[in-house]
Structure formats: C-alpha cells, structure tokens
Amino acid sequence: MRTVIVEKGDVGIIRLNRPEKLNAINMEMVYDLVEALNELKSQVRAVIITGNGKAFSAGADVKEMLDMSIEQVTREGHMPLWDALRGFRKPVIAALNGVAAGGGLELAMACDMIVAGESARLGQPEINLGIIPGAGGTQRLTRTVGKYRAMEMVLTGRLITAWDAYRMGLVTKVVPDEALIPEAMRLAREITGKSGFAVELGKEAVNRALDTLLQQGLDLERRNFYVTLVSQDGREGMKAFLEKRKPEWKT
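Remember, it's a predicted structure, so these values are computed and weren't measured experimentally.

Caption draft 1: Looking closely at the pairing of strand 7 (residues 113-117). Where burial is concerned, most of strand 7 is hidden: five out of the five residues are buried. The side-chain alternation of strand 7 yields two buried faces, one formed by Met-113, Val-115 and Gly-117 and the other by Ile-114 and Ala-116. One ladder, built from three bridges, connects strand 7 with strand 10 (residues 173-175); its direction is parallel. The residue bridging Gly-117 from the neighbouring strand is Val-175, located in strand 10.

Structure (structure tokens):
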C-alpha cells in the first residue's frame, strides 16, 4: 500500500498518504483503503482515518477522473471503497486536518463520527467543475444538515469552517489542530471500552435510521436490542450494574 499508512493497535489509524496531491483520492488509494480496512477489520475495535500533510483530502483525483471512460466510472469508480466502509462493522472516526472537500468530505461522511481540527474547511465544490457530488454528497449531506443548507453547499461549492460545520451538526467535535489525533483517539478508546458486540449492533441500528422508513428502523432497533439483552455482554453489563462493579466485556 503506497497511498495509505496503516498503524495497528486496538484502535487502528489509516493515514491518507498523497500529501503532494492534498491526498486526492485516486483508484490506487481506493484499492489501498479497501485493503487496509479488510486487513484491520478482524484486528481492531475501532479505526481512525486522517490525512498526512496539510489536508484530510481535497477530493477525487480530477486528472484521473477526466481520463476515465463512462464505462469505467459506471462499472466501478470508487464504489469498492464505499462498499468496504458500509460493510465495516467497527466504528470509524474521521479526523479532519485541513481541507475535506468533494470526495474527501464524502469519505468523512461515510465514517461514523467526524472530529475536526479548527483549521479544517469542508465542502462540496464539484459544481465549480461543472459536475455534482457522486458519492453521497447530495444524500448524506442533506440527511445530516437539511435540505436548505445542503442545497447551498452543493450549488455554490463554497467551503465552510469547522465551527460552521459543527453548528450544522456535520461534525461531532472541533478541537485545536494539535489536539486532533489525541481527541479522536480519546473518543475511540471511550467507545472501545464498551461491549464490542453492543457497539457493532448500535452502529448498525443508527445507520439504518438514515436508510429506512421509521417503522423499519424501529423493527431493526428492537431486534438488535433483544439480541444485546440476552448476549454475554448484555448479561454481564446488567449484573455489573447491580453489583456496583466495572463490567468485564467478553466481545
């Protein structure tokens, strides 16, 4: 893997590593990210994705996109990456250092939480190239910030500050740039201190809320609740609460 750097541990870190191109996402990076996620999925309890250099990711590699045929884009494009993230059962935290634009913001939004450094700038500037977002920038953004804010971002292409994104509910937390990775790691470790099984099912249920009608989401939530209720960790957590001790998670 040449375009990403992987750091292993109970919390894995994936660093986008094309700093000379502001970590623009090309097909090589797509495949490297898929390989990294597949490698980590059985080894970690959470993952942080961040960028090397001055940017999280400035978006898709425009030169490569321009050279791709409609057949190449339609048959594959960046879909392997979005499919890998969709199927990744552990929590994924995006840590935004610098610009997260176009496909970079779409990558961040495909994660489960977003922590941003104060200097981060976010947006969907595809309209400035005569195209529109194609990997969730019209769909996830609208579901997160609402129609009117999403419409403004998509149709003007303007970038917004990290604090503006926070006020819209687009990022989880804004921190000083030097505290970005420590805060993302603190959040990840807080989550990994919980039952891994319950975390996976909780993530699934929250994500399903964006993909289904309310009743379908409620049905999945109820099913996952019943499963956690009778799981090893569910029993252990309730016993520990009653016995006023710290739970010993099994999963």
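Caption draft 2: Structural context of the side chain of Ser-231. Here Ser-231 is to be found in the loop between helix 11 (214-230) and helix 12 (232-242). Only 2.8 Å separates the side chain of Ser-231 from the backbone oxygen of Thr-228, close enough to count as a polar contact. A polar atom in the side chain of Ser-231 sits 3.0 Å from the backbone nitrogen of Gly-234.

Caption draft 3: Region of interest: the sheet that holds strand 10. Judged by pairing direction, the sheet is mixed, and its six strands sit side by side in the order 1-2-3-5-7-10 without closing on themselves. The open sheet terminates on both sides in strands that have one partner only, identified here as strand 1 (4-7) and strand 10. If you compare each strand with its neighbour and ignore which way they point, the axes differ by 20 degrees on average.

Caption draft 4: Fine view of the sheet that holds strand 4 (residues 55-57). As summarised here, the arrangement of the four strands in space is 4-6-8-9, forming an open sheet in which the pairing is mixed. For this open sheet the edge positions go to strand 4 and strand 9 (160-161), each flanked by a neighbour on one side alone. Judged from the two bridges that link them, strand 8 (residues 121-123) and strand 9 form a sheet pairing that is antiparallel. When the bridges of strand 9 are listed, Arg-121 appears paired with Thr-161. Taken strand by strand, helix 5 (residues 103-110) contacts strand 4, strand 6 (99-101) and strand 8, and its axis lies near 90 degrees from that of strand 6.

Caption draft 5: Quick peek at the pattern of salt bridges. All told, the structure shown has 19 salt bridges when counted by the stated rule. Linking Asp-219 and Arg-222 is a salt bridge whose minimum nitrogen-to-oxygen distance equals 3.3 Å. A residue pair is termed a helical-turn pair when its members lie 3 or 4 positions apart in one helix, as Asp-219 and Arg-222 do in helix 11 at three residues. Owing to a relative accessible area of 38%, Asp-219 belongs among the partly exposed residues under this scheme. Using a relative accessible area of 37% as the deciding quantity, one classes Arg-222 as partly exposed. Measuring nitrogen to oxygen at the nearest pair gives 2.7 Å for the salt bridge that ties Arg-245 to Glu-236. On the accessibility criterion, Glu-236 (13% relative accessible area) is buried. A single salt-bridge network, built from bridges that share partners, covers Lys-173, Glu-183, Arg-186 and Glu-190.

What counts, and where the lines are drawn
- Residues numbered from 1 in each chain as written.
- Predicted model: local features only at pLDDT ≥ 70, side-chain atom pairs only at ≥ 80, totals over all residues.
- Heavy atoms only, no water.
- Buried < 20%, exposed > 50% of the residue type's maximum accessible area, 1.4 Å probe, protein only.
- Helix = DSSP H or I, 4+ residues; strand = E, 2+ residues; numbered from the N terminus.
- Pairing = 2+ DSSP bridges.
- Polar contact = N/O pair within 3.5 Å; in protein donor to acceptor, adjacent residues only side chain to side chain.
- Axes fitted to C-alpha atoms, helices over the stretch in contact; angles between N-to-C directions.
- Contact = heavy atoms within 4.5 Å.
- Salt bridge = Lys/Arg side-chain N within 4 Å of Asp/Glu carboxyl O.

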